[in-house]
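Listed below are the residues making up each chain.
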Amino acid sequence: MKASMAAKLASLDSRLREIDSRLSDPQVVDDLDNFRKLSQERSEIEPVVALFNEHRRAEGDVAAAEDMARDPKMRAFAEDEIKAGRERLAALEADLQKLLLPRDPNDGRNLFLEIRAGTGGDESALFAGDLLRMYTRFAERNRWQVEIVSESLGEAGGYKEVIARIVGDGAYSKLKFESGGHRVQRVPATETQGRIHTSAATVAVMPEADDASDVVINPADVRVDTFRASGAGGQHVNKTDSAVRLTHAPTGIVVECQDARSQHKNREQAWRVLAARIKDKQTREAAAKEASERKSLIGSGDRSDRIRTYNFPQGRVTDHRINLTLHKIDAIMDGDLSELTGALSAEHQAELLAGLAQGS
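Residues numbered from 1 in each chain as written. Predicted model: local features only at pLDDT ≥ 70, side-chain atom pairs only at ≥ 80, totals over all residues. Heavy atoms only, no water.

**Student:** What is the right way to look at the pairing of strand 7 (residues 243–248) in this model?
**Tutor:** In regular strands, side chains alternate between the two faces of the sheet. Counting buried residues along strand 7, five of its six residues qualify, which places the element largely inside the surrounding structure. Pairing of strand 7 with strand 8 (residues 253–257), which is carried by five bridges, proceeds in the antiparallel orientation. Bridging from a neighbouring strand, Val244 pairs with Cys257 of strand 8. Connecting strand 7 to the antiparallel partner strand 8 that follows it, the hairpin turn spans four residues, and Gly252 within it adopts a positive phi of roughly 80 degrees. (Buried < 20%, exposed > 50% of the residue type's maximum accessible area, 1.4 Å probe, protein only. Helix = DSSP H or I, 4+ residues; strand = E, 2+ residues; numbered from the N terminus. Pairing = 2+ DSSP bridges.)

**Student:** What's the story with unusual backbone geometry in this structure? I'm lost.
**Tutor:** Both trends apply: most residues other than glycine have a negative phi, and most peptide bonds are in trans. Unusually for a residue other than glycine, Arg143 sits at a positive phi of about 60 degrees. According to the relative accessible area criterion, Arg143 is exposed, its value standing at 78%. With a phi angle near 50 degrees, Asn323 is a residue other than glycine that sits in the positive phi range. With respect to the secondary-structure elements, Asn323 resides in the loop between strand 10 (316–319) and strand 11 (324–326).

**Student:** It is not clear to me how the pattern of salt bridges should be interpreted in this structure. Could you clarify?
**Tutor:** Two side chains bearing opposite charge may form a pair once their charged atoms approach each other closely. Inspection of every chain in the model, using the stated rule, returns 31 salt bridges. With its nearest N and O atoms 3.2 Å apart, the salt bridge here joins Arg17 to Asp13. Residue Arg17 and its partner Asp13 are located together in helix 1 (residues 3–23), separated by four residues, close to a single helical turn. Residue Asp13 is classed as buried on the basis of its relative accessible area of 8%. Taking the shortest distance from any N to any O, the salt bridge between Arg186 and Asp130 comes out at 2.8 Å. With a gap of 56 residues between them, Arg186 in strand 4 (residues 180–186) and Asp130 in helix 5 (residues 121–141) connect regions that are remote in the sequence. With relative accessibility at 12%, the residue Arg186 sits in the buried group. Looking at Asp130, the relative accessible area reads 27%, which means it is partly exposed. (Salt bridge = Lys/Arg side-chain N within 4 Å of Asp/Glu carboxyl O.)

Purely geometric numbers; function is a separate question.
Given below as structure tokens:
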């Protein structure tokens, strides 16, 4: 094990003992905020220290086997033990390396999912609707909640644009690599000649901003307009100025929310989406800077980057970033995304490990 890694692990071991000592202090227990922060830190450190202790025990086992190998009668047995022990040490060290990788602070957050129809007219809007259903079904499999924040319906079905809020443990960590251009190849229902059409939609996955600290928005920079929502005739939303549009002057970001019945609810949702979009813009700018220095799975942050193709005639889905093709399009469109999200996460982890090796 590298000295820098051993020093980091020893530091975490020491910190865990310090936290345990503080958590037994009645004064700390009475301070609810401090107690919660320390408990959270402990829950993050404890698995790493437990694995480090396992590594120490494995080192002890190898050392004992090496001592045993000095006895000619025990050498054959000891050499088998040494080989198995060193393999165990290598596996534990690899696991420890992964646990020490920098953690994305947004991984535990809820998210806003934006899907916009692109080229392809009505078929693109229908595809945007299919993507929303795919993500909704994936959310259901993970017991997450999905709430439609804003929608603009397509003329033949689907959506010109839809924004959904997804609430659940680990939602952003699993869906954060979905941002980008999604392309579909299929025969549209309206096609009489049986020709395959290609259309596209863009997806943006944005972590929900923390109201308190993540994004500071000066209210003077935001123009607030209210108007009547464009829903079906006779609905309550058409009778009052319940829809809200926010325009953020410094970034040019515009957010409209009109799905809720009350202006207050639409205003609240619009501010949350605005904060998430500003945070997302900052994150993408940082990612673009990082991508200019080395290859990054997130890429330049350009939403026009084509990341995936859904080919219905051939029954396949291809993620172009990791050259992964799966011949299970029906299952994927029904929300079975675990193989895709897992492969993307593993590739990102491999990138981080490679960066760690280069930097050490």
